[in-house]
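So the chains spell out like this:
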Amino acid sequence: SACERATEWQRALALFATIGRTYLQATTISNNAAISACGKGSRWQGALALLTVMGGANLEPNTISYNGTISACGKGAEWQMALAVLAALGWASPKADTISHNAAISACEKGNGWQMALVLLVTMDAAAARPDNISYSAAISACEKGAQW
């Protein structure tokens, strides 16, 4: 978490990798911290890999795991991958929430996917996620970036 705040994603991943070589065990919380650090460093591939590995390590990803990965994909301008993670969250045990959708809308904004940002916004209620100011602001910004005002 400290490495994340200092945008030291490389150090965070190195520390995370040493967990397996010690008497300590990775937890969902430690994985989420590493996913978040990847997001801060725009390392969406690392975040996606950590999310994927969680299942194989008998760790249950939670909404924070998915949201962090969606956000990391957005910061890497990989809005299609962010949408794939959001779709996977729809099938997972934790369900997508407002934060999940906001992260995906923001990813669409950064990747010039204004049409999908609007689709996500209007379908949030059907997904039991209530749009908030962040939802609307990100969708408006996506339209502005796509010259759709």
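The structure we're discussing is the one just above.
For the structure given in this document, a descriptive report is provided here. All of these numbers come straight from a predicted model, not from anything done at the bench. (Residues numbered from 1 in each chain as written. Predicted model: local features only at pLDDT ≥ 70, side-chain atom pairs only at ≥ 80, totals over all residues. Heavy atoms only, no water.)

**Concerning the environment of N62**
Piece 1. In this structure, N62 sits in the loop between α4 (44-56) and α5 (63-75).
Piece 2. Its relative accessible area of 27% is what places N62 among the partly exposed residues.
Piece 3. The sequence separation of N62 and I29 amounts to 33 residues, and the corresponding C-alpha distance is 9.4 Å. (Helix = DSSP H or I, 4+ residues; strand = E, 2+ residues; numbered from the N terminus. Buried < 20%, exposed > 50% of the residue type's maximum accessible area, 1.4 Å probe, protein only.)

**Observations concerning the nonpolar core**
Piece 1. Counting 35 residues, the largest nonpolar core has I70, I105 and L120 as the members making the most contacts within it.
Piece 2. Of all elements in the fold, only α3 (28-40), α4, α5, α6 (79-91), α7 (98-110), α8 (114-123) and α9 (133-145) reach the threshold of two or more residues within this core.
Piece 3. With six residues, the single largest contributor to this core is α6.
Piece 4. Residues contacting L120, with those up to four places away along its chain left out, are L83, L86, H101, A104, I105 and C108. (Core = buried A, V, L, I, M, F, W, Y, C linked by side-chain atoms within 4.5 Å. Contact = heavy atoms within 4.5 Å.)

**Brief notes about the packing of α3 against α5**
Piece 1. Between α3 and α5, the shortest axis-to-axis distance is 8 Å and the interhelical angle comes to 15°. When the axis of α3 is compared with that of α5, the two are roughly parallel. For the pair α3 and α5, the crossing hand works out as left-handed. Residues T28, N32, I35, G39 and K40 of α3 lie in contact with α5, whose contacting residues are I64, S65, G68, T69, A72 and K75.
Piece 2. Of the residues belonging to the contact of α3 with α5, the class tally is three nonpolar, six polar and two charged. (Axes fitted to C-alpha atoms, helices over the stretch in contact; angles between N-to-C directions. Parallel < 35°, antiparallel > 145°, perpendicular 65-115°, else oblique. Left-handed = near helix turned anticlockwise from the far one by under 90°. Nonpolar A, V, L, I, M, F, W, Y, C, P; charged D, E, K, R; others polar.)

**Structural notes on the pattern of salt bridges**
Piece 1. Applying the stated criterion to the full structure yields one salt bridge.
Piece 2. Residue K145 pairs with E109 through a salt bridge whose shortest N-O separation is 3.0 Å. Here K145 is found in helix α9, whereas its partner E109 is found in helix α7, with 36 residues between them in sequence. (Salt bridge = Lys/Arg side-chain N within 4 Å of Asp/Glu carboxyl O.)

**Here's the deal with the packing of α8 against α9**
Piece 1. The interhelical angle for the contact between α8 and α9, taken along N-to-C directions, is 155°, at an axis separation of 8 Å. Taken together, α8 and α9 sit at an angle that is classed as roughly antiparallel. For α8 against α9, the interelement crossing comes out left-handed. For the pair formed by α8 and α9, the contact residues are W114, A117, L118 and L121 on the first element and S135, Y136, A139, A142 and C143 on the second.
Piece 2. For the contact of α8 with α9, the class distribution of residues is eight nonpolar, one polar and no charged.

**Some words on unusual backbone geometry**
Note on backbone geometry: most residues besides glycine have negative phi, and most peptide bonds are trans.
Piece 1. Of note in this structure, A77 is not a glycine but carries a positive phi near 60°.
Piece 2. With respect to the helices, strands and loops of the structure, A77 is situated in the loop between α5 and α6.
Piece 3. Of note, N112 is a non-glycine position whose phi angle comes to about 65°, a positive value.
Piece 4. With respect to the secondary-structure elements, N112 resides in the loop between α7 and α8.
Piece 5. Among the residues examined, N112 registers a relative accessible area of 47% and is labelled partly exposed.

**Some words on α5**
Piece 1. For α5, which comprises 13 residues, the first-to-last C-alpha distance of 18 Å matches the rise-based estimate of 18 Å (1.5 Å per residue) to within 8%.
Piece 2. The buried fraction of α5 amounts to ten of the 13 residues, a majority that puts the element mostly inside the structure.
Piece 3. Taken as a whole, α5 has its buried residues at T63, S65, Y66, N67, G68, T69, I70, A72, C73 and G74.
Piece 4. Two to three positions downstream of the cap, the backbone nitrogen of I64 sits 3.1 Å from a side-chain oxygen, assigning the N-cap of α5 to N62.
Piece 5. Positioned one or two residues after α5, A77 has a phi angle of 60°, which is positive. (Expected span 1.5 Å × (residues − 1). Polar contact = N/O pair within 3.5 Å; in protein donor to acceptor, adjacent residues only side chain to side chain.)

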